[in-house]
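Single-letter residue listing:
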Amino acid sequence: MIPLTHFLIVGACLFAIGLYTVMARRNAILVLVGIELMINAAILNLVAFSRYDKTAYGGQAFALFAIVLAAAAVAVALAIILNAYKFYKSVNPEDIRNLKD
Amino acid sequence: MNPHLLTLLIFLPLAAVLLIAFIPAAKKNAYRYIALFTGFLQLILSGGMYYLFHPKGAGVTDARLYQFVDHIPWIRLDMGSLGQLEIDYFVGVDGLSMPFLFLTSLIMLIAVGASWNIQKSTKGYFILLMILNMAVMGVFAALDFFLFYIFYELMLLPLYFLIGIWGGARREYAAMKFFLYTLFGSVFMLLIIVGLYFSVTNPETGAHTFNMLHMMNPANYTPGSVFSAAANHELLGISARLLGFIVLFVAFAIKVPIVPLHTWLPDAHVEAPTPISIILAGILLKVGGYGILRICFSIFPDAAQQSAWWLGLIGVVSIVYGALVALAQRDLKRMIAYSSVSHMGFVLLGIASFTTEGTAGAVFQMISHGFLSAALFFLVGMLYDRVHDRHIYHFRGLASIMPRFTVFVAITFFASLGLPGFSAFIGEVFVIIGAFNAESVNGILPRWMAIAGSLGILLSAAYFLWTLQRMFFGQPRLKGGEEWSKMLVDASPRETFIMVPMLGLALTLGIYPALAFDKINASVLALVELVGNN
Amino acid sequence: MLLPFAGFLLSAALGKRAGNGAVATSAILLSLLAACYAFAQIWNQPPIHIQWHWFTIGEQAFHVGVLLDNMAVMMLVLVSLIALPVHIYSAAYMKGDPGIHRYWTYLSLFCFAMLGLVVADNLLLMYICWELVGFASYLLIGFWFTKDAAVQANKKAFIVNRIGDIGFLIGMALTYSHLGTLDTKALIEAPETLPAPWLTVAGLAFFLGAMAKSAQFPLHVWLPDAMEGPTSVSSLIHAATMVAAGVFLLARIFPVFDATVLLVIATIGTVTAFAAAYFALTQYDIKNILAFSTISQLGFMMVGIGIGMYPVALFHLATHAFFKCLLFLCAGAIIHEMQHAKETYGLDMDPQDIRNMGGLRKHMPLTFTAMLIASLALAGFPFTGGYLSKDALIVHTFEWAALQSGAAKLIPYVLVAVSMLTSFYILRLLAKVFFGSLSIRSVKKDIRIHEAPMRMLGPMLFLAGCSLFPLFSVNPLNDSYVWLMQGLTSPVSTLPPLRLLHLAIPVLTTGVTCIVAGVAWQWYVNGKYPLKGGGKFYRLSEHQGYLDALYDAAVVRPVVRLSQLLLWVDHYIIDGMVNGLSALGRSFAAVAAWVDQRLVDGIVRLIGKIAWGLGNVFRRLQNGRLQHYFATLFFIILVILLYHIVVLL
């Protein structure tokens, strides 16, 4: 069998990449991608741990939930980005600074 | 049936203040008349009290011998572990204070008369004047030390404003100097008051008290307290009682004033407007002398005896120094201010002699100097009102231009330098006789002090006569020339009406000094005995 | 005594309307009558002493009282008797003067004070009258107050008198402190109660008072200047009465003086007599000559007291009063006429300068007669009262000197010399004024001088009569018959008489006077003046011994400079200390303000700055950048997780 650790490392790598994408991308869509990556990393973790729950398959059920939620989140986020683009004329999160002190 | 005459006398001006405060500023005249009316009432009251005053009322240490007494418990506060705070409204007169009360009402009335032409902020002026009136009356009548201190401090405030707002060119400087200088003295007095408070217990209630009469009785001191005579504590290397005496003496000596604590006086007198100079010279200097007698000598008679030689020396120095500096003055008002220093030196010399003649002479000199210096300042004010110049060298031969004024000036000058027939002579002669006597009676003052003091008589003749000759006799020659000649009108009826009673009083007291001596004798005897027995 | 005072008050009240002096004159007339009555009652009778309680100090009572004994009533009569002619004379002399009502007022005040002085029964009352006399003198000397010289003179007079007053005051205080009372009677009866050194001091102190009032050397400088006043004033006050007050005081309290003091008195009297006579020799102002003559005669009186024979001194005082007053009145008449001539003819001269006069004998014969009699009395010529008193004085001085030792023996010889000088200067005066020719005639040819008006002459002649001997003694040549002296003699004052001298001295002085008269005639009338005019001694005399300049330099200037120095001290040092204290206070205040502003407030502000800085730092977090927020969020969660892991492990 593939040891758990491998799954977790992959999940961590995915999470890190997602984090990097969120933090350092100048395109809001790519930030969304990053968020998706982080969520997927979490889902991967969940699925990895579900191996130990053979009766209820809680991890896998939770993973399905998370996928749906991710999709919903993306939909809403895309809507926000679209509206924000209409207003700010840019998808660079750096340009949206009105809440600056 | 106690008609509370004394309380009425003290607080009548307060009623006047309230009245003035509520009358709108449009009716300026009203203020003057209210003040005048109050002054008259006070004069009648104090005159009546003077007349009714029983000559045997020695007072000084014995509460029963004070007259017109009002003793009302005022503040009785239980302070827990510190005991009961006891401040009474305790006023009364004895032979020492009775003449001063009368003098105060007279001088205040004259000051109101001299203030007739004040134009600037009359409301404030008369309110302040009335507050001052009340405070001074209170100082002379108070027999509770705390009450005394309240009135004493209350005197300073109106004077600061009166000098600082209505005064001459350097009025702010003079007012500030006067206020801070006097305050400096009285602040330390507060320390001693508190010290005395904690040392003395009221024999009736057993609590600490501010009652001055209790402080005069050595039996009332709690054993081991700071100022107890028996314990004889030492503070800063000298006996506590001596220190207390010195501090209190300094506070009053600033007011007298003695040399070298006198430099506030020329500035304050010169810069103050005429009525304020009259009050300053007429009454406030006497507060100093009165304070020394009433408080320093009565509460610390032992320390007083120890310091008598120094007191005498200070007196002599004041006499001679004041007279010499007066000789060198070019401003008439300043010259008269320094002559006041010199004459008050006589008072100190008399007090220091601890003889009946000396002390009685000193009190008499204070009374006489009161209205004579008031007269002098009023005359200077008359001249200044007309031409706004007081420089002696700017005037010559005024006798031909203003004869009646010259007569007043000549009489006042001669009265002040001690011509017999006027009151100053009696005061000065008996001070010198008393000082002379001191060596045979109680061996306190050496004879040379009295001889040096009599030099003061010569010097006062010198500067007064020099001024008289310089300004009034000879051919008329004025700095302002024709213009001034026109402005120098002779004495108006109001001014004559004010001058004549003052000079008349000086003459009356000079011819019949019993008027004053009868009232003060018993107290002076009691005081001398009190001090002599220590 | 009270009558002139009433006169004074009335004159003062009436003001300008009292111009004719009727009030004053009638007052003094009534006083004279009262005085004569008192004299008749008291002379050689037991004295009357009345006291009224005045005031009490402590337990000591002071009284106002009247003591009438021989001395007092004699003085009473003397003063009123001299004052009355002067009043009458003044009416004519001062006529037309705009301030004449003041004159009568002051004159009445003076009479009141002088009469009060002589009847006072205690020292305090005497002192009061003493000062009042000085005050009246001040007013009268400075009567013409627009004249600068007059004003300076009266100031000088009062101040020099004040010096004497200090002496009197000290003597009084000493008496009081040892005797407990100021009654003169008590003092006379028991002077021994004062312990020895103080007795001398008291005596000297009283003498100091008399020195100033009676113009003894060196306090005599006010008297010549006092001549600025009207001549009638000079005659009354500065010749006859006020200056006599000092002598009277000494006579009154005579038992107080011990041997030392008496010697001092005699010495100073002699010096005065000599110096004044010396100064009188070269004066040009007629009144100055007479003033110095007065000082000189006062010196004589002092010597009389100093030798212990105060009755003689008082007798000389009485005679001197008459002839000196007369001398001044005559001088006044002459000055009056010269002044008149000056105004009428428009001359530019000093009406008092004797060099402007001459030959007035022809123009003013009666004045001349009166003045001649007075001058003879002054010189001590027989048949005058002055002869009796002066020679008595000199004789007694010789008698006294016989009992003394040392320098004191010189005194009588000096006195003899002085009387020679006296004759000289007074005859010089007479010669220059009345003989020869009128020098101002050389300027203008037709000047006419008139005789004095009757109102002036009357009193003058009356006084001339009094100067002659009949008033004083039946025998014109022998002094033992003088009834005045007999009344005054006290057991204290007798000296063993030297019979021979009683004859020798009068002869000597009379002889000298005649010789001097001859010399004076030669020198002044005939113009043969042998001595050089500007010699050293001459100038010393003329400038009155340079005493005034000496006083000015030694006393007045130093005092003024001292007072200015003290003023500087007062202003810069004492007041400087006060201002320095205030400057110190202000600098403390400035330091405190700096501390407050920089340090204390600085701390407060620092706190604020820190807060702001921190806030600033944290503000960076709010940069509106989404990703940044996200990163921060992640970072903090990471920290928390790590913390939990680390801690829980």
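The name given to chain A in an unreviewed UniProt entry is NADH-quinone oxidoreductase subunit K, with the source organism recorded as Parapedobacter defluvii. Under Sequence similarities (unreviewed entry), UniProt gives the following word-for-word description of chain A: "Belongs to the complex I subunit 4L family."

(A) How the structure looks around the overall build of chain A. For chain A, the count of helices and strands is 3 helices and 0 strands. Relative to the globule expectation of 13 Å for 101 residues, the C-alpha radius of gyration of chain A, 17 Å, shows a markedly less compact shape. For the C-alpha atoms alone, the extent of chain A along its principal axes is close to 50 × 25 × 20 Å. Looking at chain A residue by residue over its 101 residues, the buried ones come to 24%. Carbon and sulfur atoms provide 73% of the accessible area of chain A, an area that totals close to 6700 Å². Between the centroid of the 8 positive side chains of chain A and the centroid of its 5 negative side chains there is a distance of 5 Å.

(B) The arrangement of the interface of chain B and chain C in detail. Contact with chain B, which involves 60 residues of that partner, is made by 47 residues of chain C. Approximately 4700 Å² of surface area, both sides summed, lies buried where chain B meets chain C, with 72% of it carried by carbon and sulfur atoms. Counting only elements with at least two residues in the side of chain B that touches chain C, the list comes to helix H6 (171-199), helix H11 (301-327), helix H13 (356-387), helix H14 (398-401), helix H16 (423-441), helix H17 (447-472), helix H19 (493-511) and helix H20 (514-532) of chain B. Take the side of chain B that touches chain C: its biggest share by element is 14 residues, from H17(B). Of the residues in the side of chain B that touches chain C, the class split is 39 nonpolar, 15 polar and 6 charged.

(C) A look at the UniProt feature "transmembrane region" (unreviewed entry) in chain A. Residues and elements named next belong to chain A. The positions UniProt marks with the feature "transmembrane region" (unreviewed entry) are residues 6-22, 29-49 and 61-82. Annotated as 100% helix and 0% strand, the span residues 6-22 places its first and last C-alpha atoms 24 Å apart. Between the C-alpha atoms that bound residues 29-49 there is a distance of 30 Å. The span itself is 100% helix and 0% strand.

(D) The nonpolar core, seen in detail. Residues B:Phe145, B:Phe148, B:Phe297 and C:Leu124 are the most contacted members of the largest nonpolar core, which totals 404 residues. Sort the elements by how many residues they give to this core and helix H14 (residues 310-345) of chain C lands first, with 20 residues. Beyond its immediate sequence surroundings of up to four residues, B:Phe148 is in contact with B:Val139, B:Ala142, B:Met189, B:Met212, B:Phe252, B:Tyr290 and B:Ile295.

(E) Looking closely at the packing of helix H3 (residues 70-93) of chain C against helix H4 (residues 100-119) of chain C. All names here are of chain C. Closest axis-to-axis distance for the H3/H4 pair is 9 Å, and the angle between their directions is 170°. Considered as vectors, H3 and H4 are oriented roughly antiparallel to each other. Along the contact surface, H3 presents Ala-72, Met-75, Leu-76, Val-79, Ser-80, Ala-83, His-87, Ser-90 and Ala-91, while H4 presents Tyr-103, Trp-104, Leu-107, Cys-111, Met-114, Leu-115, Val-118 and Val-119. Its residues assigned to classes, the contact of H3 with H4 shows 14 nonpolar, 3 polar and no charged.

(F) Local environment of the confidence of the model for chain B. Overall, the prediction assigns chain B a mean pLDDT of 84, with 94% of residues at 70 or greater. Quick note on the complex model: pTM equals 0.80, ipTM equals 0.85.

(G) Just the pairing of strand S2 (residues 84-93) of chain B, in detail. All names here are of chain B. S2 sits mainly inside the fold: 9 of its 10 residues count as buried. Across 9 bridges, the pairing between strand S1 (residues 67-78) and S2 is antiparallel. Bridging from a neighbouring strand, Gln-67 pairs with Val-93 of S2.

(H) Fine view of unusual backbone geometry. The omega angle of the peptide bond from B:Val256 to B:Pro257 is -10°, so this bond is cis rather than trans. Mapped onto the secondary structure, B:Pro257 falls in the loop between helix H8 (240-255) and helix H9 (264-271). If you check the backbone angles, A:Tyr57 has positive phi at about 50° while not being a glycine. Relative to the helices and strands, A:Tyr57 resides in the loop between helix H2 (28-50) and helix H3 (58-88). Taking relative accessible area as the criterion, A:Tyr57 reaches 39% and is therefore assigned partly exposed. The phi angle at C:Ala215 is positive, at roughly 55°, despite the residue not being glycine. Note that C:Ala215 resides in the loop between helix H8 (196-213) and helix H9 (222-225).

Thresholds applied
Residues numbered from 1 in each chain as written. Chains lettered and ligands numbered in written order. Predicted model: local features only at pLDDT ≥ 70, side-chain atom pairs only at ≥ 80, totals over all residues. Heavy atoms only, no water. UniProt positions renumbered as here; feature names shortened; annotations may be inferred. Helix = DSSP H or I, 4+ residues; strand = E, 2+ residues; numbered from the N terminus. Rg over C-alpha atoms; globule rule 2.2 N^0.38 Å. Buried < 20%, exposed > 50% of the residue type's maximum accessible area, 1.4 Å probe, protein only. Areas by Shrake-Rupley, 256 points an atom, 1.4 Å probe, with all protein chains shown as cover. Lys, Arg positive; Asp, Glu negative; His and termini not counted. Charge placed at Lys NZ, Arg CZ, Asp CG, Glu CD. Contact = heavy atoms within 4.5 Å. Buried area = accessible area lost by both parts, 1.4 Å probe. Nonpolar A, V, L, I, M, F, W, Y, C, P; charged D, E, K, R; others polar. Core = buried A, V, L, I, M, F, W, Y, C linked by side-chain atoms within 4.5 Å. Axes fitted to C-alpha atoms, helices over the stretch in contact; angles between N-to-C directions. Parallel < 35°, antiparallel > 145°, perpendicular 65-115°, else oblique. pLDDT = per-residue confidence, 0-100. Pairing = 2+ DSSP bridges.

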